[in-house]
Amino acid sequence: LVYSKQTTTADVELLESPGAVYGRVYSEDDKPISGALVRLEARATLRHQIVTDADGVFAFEGVAPGYYSIRIHAEDHQVFLSGVIVKRNRQSQL
């Protein structure tokens, strides 16, 4: 409760503004790969995962700043692994 003419103290945690990661998955002949599983991992722990759309596009929004691994699995294709640095209020393209 807050009373008139009194000081009130509250403990709060300020979180950094999130960023985003987006990209497009395509074959060697530049055709989009729909239905590919895209995993965003931090310290070998799954943080987010999504499936690419019909155009091979994926997007992770609201991602906390930091270093992440991206792992992409698509049927009949090799697993793709890369790293990405997410910065606050920024979009990182893969």
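Residues numbered from 1 in each chain as written. Predicted model: local features only at pLDDT ≥ 70, side-chain atom pairs only at ≥ 80, totals over all residues. Heavy atoms only, no water.

Colleague: Please clarify how the overall build of the protein chain should be interpreted in this entry.
Modeller: Within the protein chain, the regular secondary structure consists of zero helices and seven strands. Mapped from its N terminus to its C terminus, the protein chain presents α and β elements in the order β-β-β-β-β-β-β. Burial status across the protein chain gives 26% buried among its 94 residues. Put simply, of all contacts in the protein chain between residues at least 6 apart along the chain, 47% involve residues at least 24 apart. Carbon together with sulfur atoms contributes 47% to the accessible area of the protein chain, which is approximately 7200 Å² in total. (Helix = DSSP H or I, 4+ residues; strand = E, 2+ residues; numbered from the N terminus. Buried < 20%, exposed > 50% of the residue type's maximum accessible area, 1.4 Å probe, protein only. Contact = heavy atoms within 4.5 Å. Areas by Shrake-Rupley, 256 points an atom, 1.4 Å probe, with all protein chains shown as cover.)

Colleague: Help me understand the pairing of strand β5 (residues 66-73) in this model?
Modeller: With five bridges connecting them, strand β2 (residues 37-42) and β5 associate as antiparallel partners. Opposite L40, over in β5, you have I70 as the bridge partner. One ladder, built from seven bridges, connects β5 with strand β6 (residues 80-86); its direction is antiparallel. Bridging from a neighbouring strand, G66 pairs with V86 of β6. (Pairing = 2+ DSSP bridges.)

Colleague: Got a minute to help me understand the environment of E41 in this structure?
Modeller: Its place among the elements puts E41 in strand β2. Once you skip the residues sitting within four places of it in the chain, E41 turns out to touch L46, R47, Y68, S69 and R71. A polar contact of 3.0 Å, which involves the side chain of E41, links it to the side chain of R39. (Polar contact = N/O pair within 3.5 Å; in protein donor to acceptor, adjacent residues only side chain to side chain.)

Colleague: Is there a simple way to explain the sheet that holds strand β4 (residues 57-63) in this structure?
Modeller: Ordered in space as β4-β1-β7, the three strands form an open sheet in which the pairing is mixed. The outermost strands of the open sheet, each flanked by one partner alone, are β4 and β7 (91-93). Direction aside, neighbouring strands of the sheet carry axes that sit 15 degrees apart on average. Examined bridge by bridge, strand β1 (residues 19-24) and β4 share six bridges and lie antiparallel to one another. Note that in β4 the partner of R24 across the bridge is V57. (Axes fitted to C-alpha atoms, helices over the stretch in contact; angles between N-to-C directions.)

Colleague: Mind showing me how you'd approach the side chain of T52 here?
Modeller: Within the secondary structure, T52 is located in the loop between β3 (45-51) and β4. Of note is the side chain of T52, whose polar atom sits 3.0 Å from the backbone nitrogen of G35. Here the side chain of T52 touches A36 through a polar contact of 2.9 Å, landing on its backbone nitrogen. Leave out the neighbours within four places in its chain, and T52 touches V25, I33, S34, G35, A36, V38, V57 and F58.

Colleague: What's the story with the sheet that holds β3 in this structure? I'm lost.
Modeller: Across a sheet, strands are paired by hydrogen bonds formed along the backbone, either parallel or antiparallel in direction. On the basis of which strands lie adjacent, the open sheet formed by four strands has the order β3-β2-β5-β6 and antiparallel pairing. Pairing within the sheet leaves two strands with one partner each, and these edge strands are β3 and β6. Taking the axes of each pair of neighbouring strands and ignoring which way they run, one obtains an average angle of 25 degrees across the sheet.

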